Amino acid sequence: MNSYIDLDALWKVLVASLLAGAGLAAVFSLSLVGLSSGHTAGRAGAALCLLIVAAGIVLGLYVMLAK
């Protein structure tokens, strides 16, 4: 174990950033597919996906700006 680098914390940050980055992009793409479908259920799903993306953005800003 290296005393200068906390590998456990680094691994947690890497996994969280990959999940948040790729996950939010995937959910946003699902919302675009739902909007382009033209069906009422697709638009409702798209609205839910966009709410999830907005919540992820707000959570990210809160975590970065919290002191």
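The rules behind these values
Residues numbered from 1 in each chain as written. Predicted model: local features only at pLDDT ≥ 70, side-chain atom pairs only at ≥ 80, totals over all residues. Heavy atoms only, no water. Helix = DSSP H or I, 4+ residues; strand = E, 2+ residues; numbered from the N terminus. Rg over C-alpha atoms; globule rule 2.2 N^0.38 Å. Buried < 20%, exposed > 50% of the residue type's maximum accessible area, 1.4 Å probe, protein only. Salt bridge = Lys/Arg side-chain N within 4 Å of Asp/Glu carboxyl O. Expected span 1.5 Å × (residues − 1). Contact = heavy atoms within 4.5 Å. 1 Å grid on protein atoms, 1.4 Å probe; cavity = no way out; pocket = protein on both sides within 12 Å on 5 of 7 lines; lining within 4 Å. Points joined across faces, edges and corners; volume = space filled by probe spheres on them. Nonpolar A, V, L, I, M, F, W, Y, C, P; charged D, E, K, R; others polar.

For the protein, the count of helices and strands is 2 helices and 0 strands. Relative to a compact globule of 67 residues, whose C-alpha radius of gyration would be 11 Å, the protein shows 17 Å and is clearly more extended. Counting only C-alpha atoms and orienting by the principal axes, one finds that the protein spans roughly 55 × 25 × 10 Å. Looking at the protein as a whole, 10% of its 67 residues are labelled buried.

What follows is about the pattern of salt bridges. Two side chains with opposite charge may pair up if their charged atoms get near one another. According to the stated counting rule, one finds 1 salt bridge in the structure shown. Between K12 and D8 there is a salt bridge, with its nearest N and O atoms 3.6 Å apart. Taken together, the residues K12 and D8, both in helix α1 (residues 7–37) and 4 residues apart, mark about one turn of the helix. Look at D8 and you get partly exposed, because its relative accessible area is 44%.

Our focus in this paragraph is α1. For α1, which comprises 31 residues, the first-to-last C-alpha distance of 45 Å matches the rise-based estimate of 45 Å (1.5 Å per residue) to within 8%. Among the residues making up α1, those that are buried are V27, S31 and G34. In this structure, the buried residues of α1 make contact with α2 (40–65). A positive phi of about 85° marks G38, the residue just after α1.

A word on the layout of surface pockets. A volume near 160 Å³ is recorded for the largest pocket. Surrounding the largest pocket, A20, L24, G56, I57, L59, G60 and V63 form its lining. Going through the elements one at a time, α1 and α2 are the ones with two or more residues in the lining of the largest pocket. With 5 residues, the single largest contributor to the lining of the largest pocket is α2. A per-class count over the lining of the largest pocket returns 5 nonpolar, 2 polar and no charged.

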